Amino acid sequence: MSEKSSRTSEFALPVRVYIEDTDAGGIVYYVNYLKFMERARTEYLRSLGYQHYGLAEENYQFVVHSCQVRYRKPGRIDDDLRVSARLTHLGRATLMFAQQVTRDGELLCEAEIKVACVSADGIKPTALPAPLYATFKAQVEELG
């Protein structure tokens, strides 16, 4: 269902556009691109052997700190989209992702999303768990 290219450390998730994702004209509602991107980041994390609920049990959560989004072309009902997530920067408590939503290779939307690791109990910045940091570090080093 998903794909991960070891060459680029890019994770991609196929997403079909349903009526619930669109406005009255059948065009993807702008905020839903961010939802698609969230799903891709979640599945990317899962592909590395981690899940949000497991991290939460260890007192870690991820929150979106900021994002810069550029909408290029509209997605439409019943489109098959490809939503990619590529880790571009790793900090002790932050991750930066470059994400794209494409249809048949055509760029519809792109974003830079900064994610912060926080403590689940106090929602305060905290360092990534060491094993996860090491996993992400290996991903970033693949990029060269």
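Look up: the structure comes first, before these words.
Residues numbered from 1 in each chain as written. Predicted model: local features only at pLDDT ≥ 70, side-chain atom pairs only at ≥ 80, totals over all residues. Heavy atoms only, no water.

**Student:** What's the story with the overall build of the chain in this structure? I'm lost.
**Tutor:** When helices and strands are counted, the chain shows three helices and six strands. Sequence-ordered secondary structure for the chain, helices as α and strands as β, is β-β-α-α-β-β-β-β-α. The dimensions of the chain, computed from C-alpha atoms along their principal axes, are 45 × 35 × 25 Å. Taken over 144 residues, the chain has a buried fraction of 40%. Of all intrachain contacts in the chain linking residues separated by at least 6 positions in sequence, the fraction that spans at least 24 positions is 67%. Accessible surface computed for the chain: about 8,000 Å², of which carbon and sulfur atoms make up 50%. The averaged location of the 19 negative side-chain charges in the chain is 5 Å from the averaged location of its 18 positive side-chain charges. (Helix = DSSP H or I, 4+ residues; strand = E, 2+ residues; numbered from the N terminus. Buried < 20%, exposed > 50% of the residue type's maximum accessible area, 1.4 Å probe, protein only. Contact = heavy atoms within 4.5 Å. Areas by Shrake-Rupley, 256 points an atom, 1.4 Å probe, with all protein chains shown as cover. Lys, Arg positive; Asp, Glu negative; His and termini not counted. Charge placed at Lys NZ, Arg CZ, Asp CG, Glu CD.)

**Student:** Help me understand the layout of surface pockets, please; the structure alone is not making it clear to me.
**Tutor:** Space left empty within the atom packing is revealed by a probe, the size of a water molecule, rolled over the atoms. In this structure, the largest pocket spans a volume of roughly 160 Å³. Residue lining of the largest pocket: 13 residues in total, with Glu38, Arg41, His52, Phe62 and Val115 positioned closest to the centre. At the level of elements, α1 (30-47), β3 (60-71) and β5 (94-103) are the ones that each hand at least two residues to the lining of the largest pocket. With five residues, the single largest contributor to the lining of the largest pocket is α1. For the lining of the largest pocket, the residue count by class is nine nonpolar, two polar and two charged. (1 Å grid on protein atoms, 1.4 Å probe; cavity = no way out; pocket = protein on both sides within 12 Å on 5 of 7 lines; lining within 4 Å. Points joined across faces, edges and corners; volume = space filled by probe spheres on them. Nonpolar A, V, L, I, M, F, W, Y, C, P; charged D, E, K, R; others polar.)

**Student:** It is not clear to me how the side chain of Thr22 should be interpreted in this structure. Could you clarify?
**Tutor:** When you line up the elements, Thr22 lands in the loop between β2 (10-16) and α1. Overall, Thr22 belongs to the buried group, its relative accessible area being 14%. Within polar-contact distance, the side chain of Thr22 engages the backbone oxygen of Ile19 at 2.9 Å. Setting aside residues up to four positions removed in sequence, Thr22 forms contacts with Val17, Ile27, Val28, Tyr29, Asn32 and Ile77. (Polar contact = N/O pair within 3.5 Å; in protein donor to acceptor, adjacent residues only side chain to side chain.)

**Student:** Explain the pattern of salt bridges to me, please; I cannot follow it from the model alone.
**Tutor:** Tallied over the entire structure, the rule returns ten salt bridges. The closest approach of N and O atoms between Asp78 and Arg16, which form a salt bridge, is 3.3 Å. Taken together, the residues span a long stretch of sequence, with Asp78 in the loop between β3 and β4 (80-90) and Arg16 in strand β2 at a distance of 62 residues. Arg72 is the partner of Glu110 in a salt bridge, and the nearest nitrogen-oxygen pair spans 2.3 Å. Of the two residues, Glu110 is situated in strand β6 (residues 106-119) and Arg72 in the loop between β3 and β4; the sequence distance between them amounts to 38 residues. A single network of salt bridges, built from pairs that share partners, joins Lys73, Asp79, Arg103 and Glu106. (Salt bridge = Lys/Arg side-chain N within 4 Å of Asp/Glu carboxyl O.)

**Student:** Please explain the packing of aromatic side chains as it appears in this structure.
**Tutor:** Two aromatic rings, taken as a pair, are described by how far apart their centres are and by the angle between their planes. Under the criterion given, the structure shown has seven aromatic pairs. A centroid spacing of 5.9 Å and a plane angle of 45° characterise the contact between Phe11 and Tyr44, whose relative ring orientation is tilted. Remark: Tyr44 occurs in helix α1 and Phe11 occurs in strand β2; sequence separation between them is 33 residues. No difference in accessibility class separates Phe11 from Tyr44, as the two residues are buried. Aromatic ring contacts, followed pair by pair, group Tyr29, Tyr30, Tyr33, Phe36 and Tyr71 into a single cluster. Stacked on the ring of Tyr133, the Lys or Arg Arg92 has its end atom at 4.0 Å from the ring centre. (Phe/Tyr/Trp six-rings, centres within 6.5 Å; stacked < 30°, edge-to-face > 60°. Lys NZ or Arg CZ within 6 Å of the ring centre and 35° of its normal.)

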